[in-house]
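Here is how the chains run, residue by residue.
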Amino acid sequence: MSTRKAKLLYLFTTIAFILACGPALALTPYPTTDPNEINTIIVLTANAASTQTAAAMPTATFTPSITPTRPTETPSPTETPTVIFILSTPTMMVVPTFTFISSGGSGSGSGGSSGSSSDPYACQILSVSPANGTTMNKETDFDATWKVKNIGTKTWDQNSVDFVYYSGTEMHKRPGYDLSSSVKSGQQISVGVDMVAPKKSGTYTTTWALQVGDNAFCKMSLTINVK
């Protein structure tokens, strides 16, 4: 055995002998703990921790945020303006119709010749409406119409022959009219004038004529009584 190992064995043997001969060391017993006491300590510790945590936290004051609510406005209906058109009632104007009438028989008429003439421009008045001597109220609107026949040798060309006011009371609304068509010798036509009776009572006569150039022929008169 080596010297070092011998020394170590001697040391261990000495320590063992000393310990065996010495008084036994008394061990301090651990205190007995009540289980309920442990639970109480745990609860108290938890409450203390909660209290300290709450104390450490800043006190928050709840301030309610009031968001103003705008009342819903019900839009008022927009009034739609009603446009009223006031139309004046026009005064009806009767435009005389110049009616072409086919050729008719011979005969005489008021202010006219017999059935034929050697003159280039001549006529025979066959009728007048209203009849001469008719009584009317003041300012009565009426049409005067004459039916005439071409008994001359020339055609009444609508582009050259006119029907115009000649003399007497001016009861007409227009001073002249064109023929609606040409009238050959032996044919008839009706010519008319839109008239209005005078404002005063009395007897009135108006005369119209066919005219070609400066030549006024076929003079036609109408006499009415106004009351």
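Just above sits the structure.
If you're wondering where the values come from, they're calculated on a predicted model, not measured in any experiment. (Residues numbered from 1 in each chain as written. Predicted model: local features only at pLDDT ≥ 70, side-chain atom pairs only at ≥ 80, totals over all residues. Heavy atoms only, no water.)

With reference to specific residues and values, describe the overall build of the protein.
Broken down by element type, the protein carries two helices and nine strands. When the helices and strands of the protein are placed in sequence order, the string is α-α-β-β-β-β-β-β-β-β-β. Split into buried and exposed, the 227 residues of the protein put 23% on the buried side. Excluding contacts between residues fewer than 6 apart, the proportion of contacts in the protein whose partners are at least 24 apart in sequence is 69%. (Helix = DSSP H or I, 4+ residues; strand = E, 2+ residues; numbered from the N terminus. Buried < 20%, exposed > 50% of the residue type's maximum accessible area, 1.4 Å probe, protein only. Contact = heavy atoms within 4.5 Å.)

Would you mind going over the sheet that holds strand β9 (residues 215-226) in detail, with residue names and values included?
Spatial strand order, β3-β9-β8-β5-β6: five strands in an open sheet with mixed pairing. Single-partner strands in this sheet number two, and they are β3 (134-136) and β6 (176-178). Neighbour-to-neighbour, the strand axes of this sheet turn through a mean angle of 30°, independent of strand direction. Here β3 runs beside β9; their pairing, made up of three bridges, is parallel. Bridge assignment links Met 136 to a residue of β9, and that residue is Val 226. (Pairing = 2+ DSSP bridges. Axes fitted to C-alpha atoms, helices over the stretch in contact; angles between N-to-C directions.)

Explain unusual backbone geometry residue by residue, including any values.
For the bond from Ser 129 to Pro 130, the omega torsion is 0°, close enough to zero to count as cis. One non-glycine residue, Glu 139, lies in positive phi territory at about 55°. Here Glu 139 is to be found in the loop between β3 and β4 (141-150). Of note, Cys 218 is a non-glycine position whose phi angle comes to about 55°, a positive value. Structurally, Cys 218 can be placed in strand β9.

Residue-level account of the pattern of salt bridges, with values.
The final tally for this structure, using the stated rule, is two salt bridges. Note that Asp 141 and Lys 173 form a salt bridge whose closest N and O atoms lie 2.3 Å from each other. Of this pair, Asp 141 sits in strand β4 while Lys 173 sits in the loop between β5 (161-168) and β6, and the two are 32 residues apart along the sequence. The class of Asp 141 is partly exposed, set by a relative accessible area of 39%. Note that Asp 194 and Lys 173 form a salt bridge whose closest N and O atoms lie 3.7 Å from each other. (Salt bridge = Lys/Arg side-chain N within 4 Å of Asp/Glu carboxyl O.)

Explain the nonpolar core residue by residue, including any values.
Among the nonpolar cores identified, the biggest contains 29 residues, and Trp 146, Trp 156, Phe 163, Leu 210, Met 220 and Ile 224 are the most heavily contacted of them. Looking at this core, the elements that each hand over two or more residues are β2 (123-129), β4, β5, β7 (188-196), β8 (202-212) and β9. Here the element with the most residues in this core is β9; it accounts for six residues. (Core = buried A, V, L, I, M, F, W, Y, C linked by side-chain atoms within 4.5 Å.)

Residue-level account of the packing of aromatic side chains, with values.
Under the defined criterion, the tally for this structure stands at six aromatic pairs. The interplanar angle of 70° and the centroid separation of 6.0 Å between the aromatic rings of Trp 146 and Phe 163 together place this pair among those described as edge-to-face. With Trp 146 in strand β4 and Phe 163 in strand β5, this pair connects stretches of sequence that are 17 residues apart. Taken individually, Trp 146 and Phe 163 each receive the classification buried, so the pair is uniform in this respect. Relative to Trp 208, the ring of Tyr 165 lies with its centre 6.1 Å away and its plane at 75°, an arrangement referred to as edge-to-face. Of this pair, Tyr 165 sits in strand β5 while Trp 208 is found in strand β8, placing the two residues 43 residues apart along the sequence. (Phe/Tyr/Trp six-rings, centres within 6.5 Å; stacked < 30°, edge-to-face > 60°.)

Such coordinate-based values are descriptive only and should not be taken to indicate function.
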